[in-house]
Structure formats: C-alpha cells, structure tokens
Amino acid sequence: VQLQASGGGLVQAGGSLRLSCAASGRTFSSYGMGWFRQAPGKEREFVATISWSGGTTYYVDSVKGRFTISRDNAKNMVYLQMNSLKPEDTAVYYCAATTRNRATVSVLYDYWGQGTQVTVSS
C-alpha cells in the first residue's frame, strides 16, 4: 500500500482543515488506517484510527469532539476533518495503514505517507 497525504496548510485558531490520504493498492479496504502527527522537537503522536470497514473509530483525548476520521473504500481515501483548530495542533500529519484493530502505537503501522504540514496561528 502506498499512501499520499495532502490538505495541510496555514489556518487561524478556530478554523478548519480537511486532510486527505490517497492509497494505492487493491487491498486498501482490508487495512485499518490512522493519522499521526509530529510537532518540532516532539515524538510522533497518535491522533485517530479507523477500522477497515469504517465502523469503528478512536481518537486521542486532545482531539475528541474536534477531529473526525473517515474513509471511502470505493475511492481508496481516508480523511481527517479538523475543526476548532488550536495552535497546539501545529505539526506534520501522517497517514498510515495497519493490519491491527484500534492501533494507537506507530510501530503497529506497516505503511506510511509522506506527511503534510498543518500550521495553526494564534
């Protein structure tokens, strides 16, 4: 599976962005998908994950109620809708694919996209 993330940019605090992750490969629908982020000088952090069917999602507490992960298996796409953005959401965001359920640790992910920069100004 090859992944390519896009949709990042500069936004003011309180604004919204939608990240997209395009996947190649016929087996996309068999993978759980996740979003991670890495801020300068910090370790990569789990953000959200969605099951292969889209029926189960899980979020880090800091984004619950503000971010929504979704997927369209017919289009081989995963999305991260980010609302009410805060300066502390500033990071490079990565999409990743896993064979595990509810995986919140980066080592459990097998494939990674290249990352897209999100910058939230105060």
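How each quantity is defined
Residues numbered from 1 in each chain as written. Predicted model: local features only at pLDDT ≥ 70, side-chain atom pairs only at ≥ 80, totals over all residues. Heavy atoms only, no water. Salt bridge = Lys/Arg side-chain N within 4 Å of Asp/Glu carboxyl O. Buried < 20%, exposed > 50% of the residue type's maximum accessible area, 1.4 Å probe, protein only. Core = buried A, V, L, I, M, F, W, Y, C linked by side-chain atoms within 4.5 Å. Helix = DSSP H or I, 4+ residues; strand = E, 2+ residues; numbered from the N terminus. Contact = heavy atoms within 4.5 Å. Disulfide = S-S within 2.5 Å. Polar contact = N/O pair within 3.5 Å; in protein donor to acceptor, adjacent residues only side chain to side chain. Pairing = 2+ DSSP bridges. Axes fitted to C-alpha atoms, helices over the stretch in contact; angles between N-to-C directions.

Further remarks concern the pattern of salt bridges. Within this structure, the stated rule accounts for four salt bridges. Ionic pairing is found between Glu-45 and Arg-37, a salt bridge with its closest N-O pair at 2.7 Å. Take Glu-45: its relative accessible area is 31%, and that puts it in the partly exposed class. Across the salt bridge formed by Asp-61 and Lys-64, the nearest N and O atoms sit 3.0 Å from each other. Its relative accessible area of 59% is what places Asp-61 among the exposed residues. When its relative accessible area of 44% is taken as the criterion, Lys-64 is described as partly exposed.

The biggest cluster of nonpolar side chains holds 35 residues, and the ones touching the most others in it are Met-33, Trp-35, Leu-80, Met-82 and Tyr-93. Counting residues per element, the ones that place at least two in this core are β1 (2–6), β3 (17–24), β4 (32–38), β5 (45–50), β7 (67–72), β8 (77–82), β9 (91–98) and β11 (116–121). Ranked by the residues each element gives to this core, the list is headed by β9, at five residues. If we ignore the near neighbours within four places in the chain, the residues touching Met-33 are Leu-3, Cys-21, Phe-28, Ala-48, Thr-49, Ile-50, Ile-69, Arg-71, Val-78, Ala-96, Ala-97 and Tyr-109.

Here we take up the state of the cysteines. A full pass over the atoms with the stated rule returns one disulfide. The disulfide partner of Cys-21 is Cys-95, and the S-S distance across this bridge is 2.1 Å. The chirality of the disulfide connecting Cys-21 with Cys-95 is right-handed, given an S-S dihedral of about 65°. Here Cys-21 is found in strand β3, whereas its partner Cys-95 is found in strand β9, with 74 residues between them in sequence. The same class applies to Cys-21 and to Cys-95, which are both buried.

Looking now at the side chain of Arg-37. By secondary structure assignment, the location of Arg-37 is in strand β4. In this structure Arg-37 comes out as buried when scored by relative accessible area, which is 5%. A distance of 2.9 Å separates the side chain of Arg-37 from the side chain of Asp-89, its partner in a polar contact. Side chain to side chain, Arg-37 and Tyr-93 meet in a polar contact 2.9 Å long. Non-local contacts of Arg-37, meaning those with residues more than four positions away in its chain, are made with Glu-43, Arg-44, Glu-45, Val-47, Ser-62, Val-63, Phe-67, Glu-88, Asp-89, Ala-91, Val-92 and Tyr-93.

Before going further, it helps to examine the sheet that holds β7. Taking strand neighbours across the sheet as the criterion, the four strands line up as β1-β3-β8-β7 in an open arrangement whose pairing is antiparallel. Only two strands of the sheet have a single neighbouring strand rather than two, namely β1 and β7. Between one strand axis and the next, the sheet turns through 15° on average, direction left out of account. Judged from the five bridges that link them, β1 and β3 form a sheet pairing that is antiparallel.

All we've got here are geometric facts, nothing functional implied.
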